[in-house]
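Residue-level listing of the chains:
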Amino acid sequence: MQSIIRYLPLALLILCMGTACKKYIDVTNPDTLVDPTFWKTENSVRTYAWEFYNSFPGFGNNASTNGDFYFPTLTDDQAPPSFTQFPLTVPTTSLDWTINTTYLVGSTWNYAFVSFGYIRKANIMLERVDLVPMADEAKNHWKGVAHFFRALQYFKLIQEFGGVPWYSHSTQISDSGQIYKPRDTHQLVMDSVLADLNFALANLRQTDQTNTINKDVALALKARVCLYEGTYRKYHTELTLPDANKYLTEAYNAAQTLISGGTYSLDKSYQTAYNSESLAPDKEIILYKRYEPTVLQHSLIAYLYSSTAMNGPSKSAIESYLCTDGKPISISPLYGGDDTITHLIANRDGRLGITIDTSYLYYINHVKNGLSSSTGYRPIKFLPDTARLKAYPTNISANTSDAPLFWLAEVYLNYAEAAAELGNITQTDLDNTINKLRDRAGVAHLTLDPGFNDPKRDADVSPLIWEIRRERRVELMMDGFRFQDLMRWKKGIYMDSQKNPDSFLGAKVPDNGKVKRNADGYIMPYPATQQRAFVDPKNYLSPVPSSQIQLYPLNMQKDMQNPGWQ
């Protein structure tokens, strides 16, 4: 479980993984045991709320590979050693959609804090806060925290499944009529999410305890959520969802408020957000997940030092980085080709040399220190700097670098994209956002008229929005955003092996008798017979697990599944 502030809360969260917090968490119907003895002071509410922070994966927990960074490989940015396919059949179960919030571990039933579990927990908190003898300001703040986390969970559900049942109050496990209510529409759920975020912003404290939910964190989440929703509604015209510009405006305003507040500033180094033992002093960070030795660790760095082949960045990803003149490699006179890694990185965006190892290509029969990558490119942006690396533990469940959750670079990108989608972006907007990121990366500024046409640009995307999307891709490379970005832009086809073959290739390397290459000399991580097709609209949403649908009345079951999965 994760830490977000001091050692005491961190210890409380770790205890909650076992039986110590059974009274409050690990029960089938938690509200029957927490009343009335639990809700006594503001600290009682704070203790109840700590569990919500575990909904931030960060770099993952202990040996987990479920972190937001590096591990999600179903995109066009990475070609992992094992071929990643879209689901071909409806799964029987999925913890992401589990209305009955208990699950079996060994012979013990535990309360499952997956999305609907967190939603129920938030609703219980909203219903109990007024019982606590504390000031109205404190009550409103904690209600804001509950609204924040309920919004976060519903946002995740919408991204995965589309419309889901909306619960504005806690339900009893025995109340099947409420538990198994019909799916509410995408529009209703997301409009309710926006209302939750607005409530949170109106009531959260500007500052509470260090590195906890406050107004700035809510602004960052609102900018993220509303950019997603505004572009999703704009580009998924088949759904006829209204108010795309309303959401884009909400994203623009939320990001602008954060930026203009002046509290946060870019770190001089792009890498600091990803490889720091403590993000506490970093002025770029709005909220982070804290790791500490003997308390909570992760294994991201360990997996990047494993003898198992790493999830290498794809040819498509590497070629998306501009040259220092601000032009794509296909038209820049500065591009030196990719015959060697030295030529590849010469005169390129500085983030490329921080994201991958520029000293060597790691692949079959061309390993170094036992390391190899599926594409030849070794990811390094999460690794400690050279000075710390000599004494850094690289074994599983021993890594303690902090993970960013909300940070200024993403806010800049959200602001610029929302402004461009609304059609009101100015050169000043670009200079205050995208071009600050480019200054840090050593790349020429972006202008309202980029002054060139990327031959790879989609005809239905303007040159300016194309470049803003490129900026988002490279700045947030392997940060866990790419899949949902493609979903909201309605560009799932980028993950189709026939339509975007470069996303299934690696570095250009010489023949060594072992590594598989295509006719042009690029690493082929998979046999040519392995193909991935993107099916529209089927693959824009995940299937609802069949075991959950079967719990619904027969007359409702036919309407529970997503398009293409029936």
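*Asks:* Explain the overall build of the chain to me, please; I cannot follow it from the model alone.
*Replies:* When helices and strands are counted, the chain shows 22 helices and six strands. For the chain, the C-alpha atoms occupy an extent of roughly 70 × 55 × 50 Å along the three principal directions. Every one of the 566 residues in the chain was classed for burial, and the buried ones make up 58%. If you take every contact in the chain between residues at least 6 apart in sequence, the share linking residues at least 24 apart comes to 71%. Counting only carbon and sulfur atoms, one obtains 54% of the accessible surface of the chain, whose full area is about 22100 Å². Across the chain, 55 positive and 58 negative side-chain charges occur, with their mean positions spaced 3 Å apart.

*Asks:* Honestly, the nonpolar core in this entry has me stumped. Any pointers?
*Replies:* Across soluble globular proteins, nonpolar side chains have a tendency to be buried as a group. Counting residues in hydrophobic clusters, the biggest one holds 150 residues, and the most contacted among them are F56, M125 and Y154. In terms of residue count, helix α5 (residues 136-161) provides more of this core than any other element does, 13 residues in total. With residues near it in sequence (within four places) discarded, M125 still touches W39, V45, Y48, A49, F52, W142, V145 and A146.

*Asks:* Whenever I open this one, the side chain of Q153 confuses me. Can you help?
*Replies:* Looking at the secondary structure, you find Q153 in helix α5. Looking at Q153, the relative accessible area reads 3%, which means it is buried. In terms of polar contacts, Q153 uses its side chain to reach the side chain of S55, at 3.5 Å. Among all residues touching Q153, those that are not within four sequence positions of it are S55, S115, Y118 and I119.

*Asks:* Teacher, can you tell me more about the pattern of salt bridges here?
*Replies:* Side-chain pairs of opposite charge can arise whenever the charged atoms involved come near each other. Inspection of the entire model under this criterion finds 41 salt bridges. For D196, the salt bridge is made with R150, and the minimal N-O distance between the two is 2.8 Å. Here R150 lies in helix α5 and D196 lies in helix α7 (residues 186-203), a separation of 46 residues in the sequence. Summarising the burial analysis for this pair, D196 and R150 share the class buried. What emerges from the salt-bridge pattern is a single network uniting E284, D349, R351, R438, R440, D454, E467, R470, E471 and E475.

*Asks:* I tried to follow the packing of α5 against helix α8 (residues 215-235) on my own but got confused; where do I start?
*Replies:* At a minimum axis separation of 11 Å, α5 and α8 run at an interaxial angle of 25°. It follows from the interaxial angle that α5 and α8 lie roughly parallel. When the axes of α5 and α8 are compared, the crossing they make is left-handed. For the pair α5 and α8, the contacting residues are F148, L152, F155 and Q159 in the first and V217, A218, L221, V225 and Y228 in the second. Residue classes in the contact of α5 with α8 are distributed as eight nonpolar, one polar and no charged.

*Asks:* Hey, could you run me through α7 in this one?
*Replies:* Helical geometry: 3.6 residues make up each α-helical turn, so side chains three or four residues apart lie on a common side. When the terminal C-alpha atoms of α7 are compared, their 26 Å separation across 18 residues agrees well with the 26 Å that a helix rising 1.5 Å per residue should span. Within α7, the full set of buried residues consists of H186, V189, M190, S192, V193, L194, D196, L197, A200, L201 and N203. In this fold, the buried residues of α7 make contact with α5, α8 and α9 (244-261).

*Asks:* I tried to follow the packing of aromatic side chains on my own but got confused; where do I start?
*Replies:* To describe a pair of aromatic rings, one takes the distance between the centres and the angle between the planes. Using the criterion set out here, one finds 34 aromatic pairs in the structure. Measuring from centroid to centroid gives 6.3 Å for F69 and Y274, while their planes differ by 70°, and the two rings are edge-to-face. Note that F69 is positioned in the loop between α3 (42-49) and β1 (78-79) and Y274 in helix α10 (residues 272-275), a separation of 205 residues in sequence. Y274 matches F69 in its accessibility class, with the two residues each being buried. Between F69 and W407, the ring centres sit 6.2 Å apart and the planes meet at 35°, which makes this aromatic pair tilted. Taken together, the residues span a long stretch of sequence, with F69 in the loop between α3 and β1 and W407 in strand β6 (residues 403-407) at a distance of 338 residues. You'll find F69 and W407 in the same group, each marked buried. Of the aromatic side chains, those joined through ring pairs into one cluster are W50, F52, Y53, F56, Y118, F148, F149 and F406. Above the face of the Y48 ring, K121 is positioned so that its terminal group lies 3.4 Å from the ring centre. Over the face of the ring belonging to Y305 we find R378, whose NZ or CZ atom lies 4.7 Å from the ring centre.

*Asks:* Please clarify how unusual backbone geometry should be interpreted in this entry.
*Replies:* Trans peptide bonds make up the majority, and among non-glycine residues the majority have a negative phi. With an omega of 10°, the peptide bond running from D536 to P537 counts as cis. With respect to the helices, strands and loops of the structure, P537 is situated in the loop between α20 (482-488) and α21 (546-549). Of note in the backbone geometry, T240 takes a positive phi value of approximately 50° without being a glycine. Locating T240 in the fold gives a position in the loop between α8 and α9. On the basis of relative accessible area, T240 is assigned to the exposed category, the value being 67%. Not every positive phi belongs to a glycine, and T294 is a case in point at roughly 70°. Inspection of the secondary structure puts T294 in the loop between β4 (285-289) and α11 (300-303).

*Asks:* What exactly am I supposed to notice about α5 here?
*Replies:* The end-to-end C-alpha separation of α5 is 37 Å, in line with the 38 Å expected for 26 residues at 1.5 Å each. In terms of burial, α5 is a largely internal element, 21 of the 26 residues being buried. Just downstream of α5 lies G162, where phi reads positive at about 80°.

*Asks:* Is there a simple way to think about the environment of Q566 in this case?
*Replies:* Position of Q566 among the secondary structure elements: in the segment after α22 (554-557). A sequence separation of 23 residues divides Q566 from P543, and the C-alpha atoms of the two residues are 8.8 Å apart.

*Asks:* Teacher, can you tell me more about the pairing of β4 here?
*Replies:* On any regular strand, side chains alternate: one points to one face of the sheet, the next to the other face. When you tally the buried positions in β4, you get five out of five residues, the bulk of the element. The sheet contact formed by β4 and β6 spans four bridges and is antiparallel. Within β6, the residue paired with L287 across the bridge is F406.

*Asks:* I'm lost on the packing of α5 against α7 in this one. Help?
*Replies:* How two helices pack is summed up by the angle between their axes together with the distance between the axes. Closest axis-to-axis distance for the α5/α7 pair is 8 Å, and the angle between their directions is 150°. Between α5 and α7, the angle is such that the two are roughly antiparallel. Read as a crossing pair, α5 and α7 show a hand that is left-handed. On α7, the residues that touch N140, H141, K143, G144, H147, F148, R150, A151, Y154, F155 and I158 of α5 are H186, V189, M190, V193, D196, L197, F199, A200 and N203. When its residues are assigned to classes, the contact of α5 with α7 shows 11 nonpolar, six polar and three charged.

Here is what the cut-offs are and how they apply
- Residues numbered from 1 in each chain as written.
- Predicted model: local features only at pLDDT ≥ 70, side-chain atom pairs only at ≥ 80, totals over all residues.
- Heavy atoms only, no water.
- Helix = DSSP H or I, 4+ residues; strand = E, 2+ residues; numbered from the N terminus.
- Buried < 20%, exposed > 50% of the residue type's maximum accessible area, 1.4 Å probe, protein only.
- Contact = heavy atoms within 4.5 Å.
- Areas by Shrake-Rupley, 256 points an atom, 1.4 Å probe, with all protein chains shown as cover.
- Lys, Arg positive; Asp, Glu negative; His and termini not counted.
- Charge placed at Lys NZ, Arg CZ, Asp CG, Glu CD.
- Core = buried A, V, L, I, M, F, W, Y, C linked by side-chain atoms within 4.5 Å.
- Polar contact = N/O pair within 3.5 Å; in protein donor to acceptor, adjacent residues only side chain to side chain.
- Salt bridge = Lys/Arg side-chain N within 4 Å of Asp/Glu carboxyl O.
- Axes fitted to C-alpha atoms, helices over the stretch in contact; angles between N-to-C directions.
- Parallel < 35°, antiparallel > 145°, perpendicular 65-115°, else oblique.
- Left-handed = near helix turned anticlockwise from the far one by under 90°.
- Nonpolar A, V, L, I, M, F, W, Y, C, P; charged D, E, K, R; others polar.
- Expected span 1.5 Å × (residues − 1).
- Phe/Tyr/Trp six-rings, centres within 6.5 Å; stacked < 30°, edge-to-face > 60°.
- Lys NZ or Arg CZ within 6 Å of the ring centre and 35° of its normal.
- Pairing = 2+ DSSP bridges.

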